[in-house]
Amino acid sequence: MAKILVVDDEKIIVKGIRFSLLQDQMEVDCAYDGEQAVEMARNTEYDVVLLDVMLPKLDGFQVCQAIREFSNMPIIMLTAKGEDMDKILGLEYGADDYMTKPFNILEVKARIKSIFRRSQPQAEVHEEKRVIRVHDLEVNCQNRTVVLGGQPVRLTAKEFDLLQLLITHRGKVYSREALLETVWKYDYMGDMRTVDVHIRRLREKIERDNAGPEFILTKWGVGYYFTDKD
């Protein structure tokens, strides 16, 4: 059973989301301010956090940043319609995805289920593909863990999805559109900056020199790919 944390100070919105998710047999906790959300996230590992930007005590960006200090639980930011800067800031602070208000509850559930499926261990991965090593980078596709130079690297769900796709198809160049379609899985209405932000965050975690990356490379005017050089 998926466990969801819904964070919004508008109680009528929380009530509607909670009712709908309960119909799909999801377990739902609710928080109405930023401090409460952080405390609940510390005490429970949620499968997905639905996090509004405008909150009392701590805003959504502060909550997202605080959660990222101790957990990689997937976070979907809820932003006001047309607030593009809120969307980008949410991604910069570590959110996996964002949705704009007002939203269709069916889309909310589709995104939650997509993230939930992608966050599970990939039992279908072939034995020889479970652990991939390139130089001193080790990616375990079964356990969804990453080790660089003997040290564990903490990735969000979407960052790992991107890395797994690229490293299992070394040398293949993916356009931003292809990455949105493949990694996000649904009819994603976001802009291409979403991919760029996630790639930059991923590089910051696994590359020693962002100016001269050795793993995730850019094919200018086309897209991104994982090095095919051993």
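Everything numeric in this text was worked out from a predicted model, so none of it was measured.

*Asks:* So what's going on with the overall build of the protein chain? Which residues, and what values?
*Replies:* On a plain count of helices and strands, the protein chain comes out with 8 helices and 11 strands. Rg of the C-alpha trace for the protein chain: 18 Å, near the compact-globule value of 17 Å for 230 residues, within the 12% margin. When the backbone C-alpha atoms are referred to their principal axes, the protein chain occupies close to 55 × 35 × 30 Å. The burial tally for the protein chain puts 49% of its 230 residues in the buried class. Just so you have it, the protein chain exposes about 11,300 Å², and 49% of that area is on carbon and sulfur atoms. Where the 33 positive side-chain charges of the protein chain centre and where its 39 negative ones centre are 3 Å apart.

*Asks:* Run through the pattern of salt bridges, naming residues and quoting values.
*Replies:* Side-chain pairs of opposite charge can arise whenever the charged atoms involved come near each other. Per the counting criterion, the structure on display carries 17 salt bridges. One salt bridge connects Asp97 with Arg111, and the closest N-O pair in it is separated by 3.5 Å. A residue pair is termed long-range when its members are at least 10 positions apart, and Asp97 in strand S5 (residues 97–101) and Arg111 in helix H5 (residues 105–118) qualify at 14 residues. Taking relative accessible area as the criterion, Asp97 reaches 1% and is therefore assigned buried. On the basis of relative accessible area, Arg111 is assigned to the buried category, the value being 4%. Note that Glu107 is salt-bridged to Arg111, the shortest N-O span being 2.5 Å. Taken together, the positions of Glu107 and Arg111, both in helix H5 and 4 residues apart, correspond to about one turn of that helix.

*Asks:* Requested: an account of a nonpolar patch on the surface, with residues and values cited.
*Replies:* A surface patch of nonpolar side chains, about 270 Å² in accessible area, is lined by Met85, Leu89 and Tyr93. Under the relative-accessibility criterion, Leu89 is labelled partly exposed at 30%.

*Asks:* So what about the sheet that holds strand S3 (residues 48–52)? Which residues, and what values?
*Replies:* Read from one edge to the other, the open sheet built from 5 strands follows the order S2-S1-S3-S4-S5, with strand pairing classed as parallel. The sheet is open, and its two borders are formed by strand S2 (27–31) and S5, each paired with just one other strand. Neighbour to neighbour, the strand axes of the sheet diverge by 20° on average, direction disregarded. Taken together, the 4 bridges between strand S1 (residues 3–7) and S3 define a ladder with parallel strand orientation. Along S3, the bridge assignment pairs Ile4 with Val48. Along the sheet, helix H2 (residues 34–43) makes contact with S1 and S2, crossing S2 at roughly 140°.

*Asks:* Summarise the packing of H2 against helix H3 (residues 60–68); cite the residues concerned and give the values.
*Replies:* Running from amino to carboxyl end, H2 crosses H3 at an angle of 20°, the nearest separation of the two axes being 9 Å. Relative to H3, the element H2 lies roughly parallel. Relative to H3, H2 is oriented so that their crossing is right-handed. The residues of H3 that touch H2, namely those facing Gly34, Ala37, Val38 and Ala41, are Val63, Ala66 and Ile67.

*Asks:* Account for helix H4 (residues 84–92), with residues named and values stated.
*Replies:* Within H4, burial applies to Asp86, Lys87, Ile88, Gly90 and Leu91. Directly beyond the C-terminal end of H4, a positive phi value near 115° is found at Gly94.

Calculation criteria
Every chain begins its residue count from 1, and numbering advances along the sequence as written. Residues qualify for local features only when their pLDDT is at least 70, as the model is predicted, and side-chain atom pairs are given and counted only at 80 or more; totals for whole chains, interfaces and linings, by contrast, use all residues. Side-chain measures were taken over the full set of non-hydrogen atoms in the model, leaving aside hydrogen atoms and water. To qualify as a helix, a DSSP run of H or I must reach at least 4 residues; to qualify as a strand, a run of E must reach at least 2; elements of each kind are numbered from the N terminus. Computation of the radius of gyration draws on C-alpha atoms, with the globule rule given as 2.2 Å multiplied by the number of residues to the power 0.38. Using a 1.4 Å probe on the protein chains alone, a residue whose accessible area is under 20% of its type maximum counts as buried, one over 50% counts as exposed, and one in between counts as partly exposed. Areas reported as accessible are Shrake-Rupley estimates using a 1.4 Å probe. Residue values count occlusion only from the protein chains shown. Positive charge is attributed to Lys and Arg, negative charge to Asp and Glu, and no charge count is given to His or to the chain ends. Every charge is mapped onto a representative atom, which is NZ of Lys, CZ of Arg, CG of Asp or CD of Glu. A side-chain nitrogen of Lys or Arg and a carboxyl oxygen of Asp or Glu constitute a salt bridge if their distance falls within 4 Å. For patch building, the residue pool is restricted to those with more than 30% relative accessible area and no salt bridge; the joining distance is 9 Å between like charges and 5 Å between nonpolar side chains (Val, Leu, Ile, Met, Phe, Trp, Tyr). Should DSSP find at least two bridges between two strands, the strands are regarded as paired. Helix axes are fitted to C-alpha atoms over the stretch in contact, other axes to C-alpha atoms as well, and angles between N-to-C directions run from 0 to 180 degrees. Note on contacts: a residue pair qualifies if any of its non-hydrogen atoms lie within 4.5 Å across the two residues. Reported orientations rely on four angle classes, namely roughly parallel under 35 degrees, roughly antiparallel over 145, roughly perpendicular from 65 to 115, and oblique for the rest. Rotating anticlockwise by less than a right angle from the far helix to the near helix defines a left-handed crossing, while the corresponding clockwise rotation defines a right-handed one.

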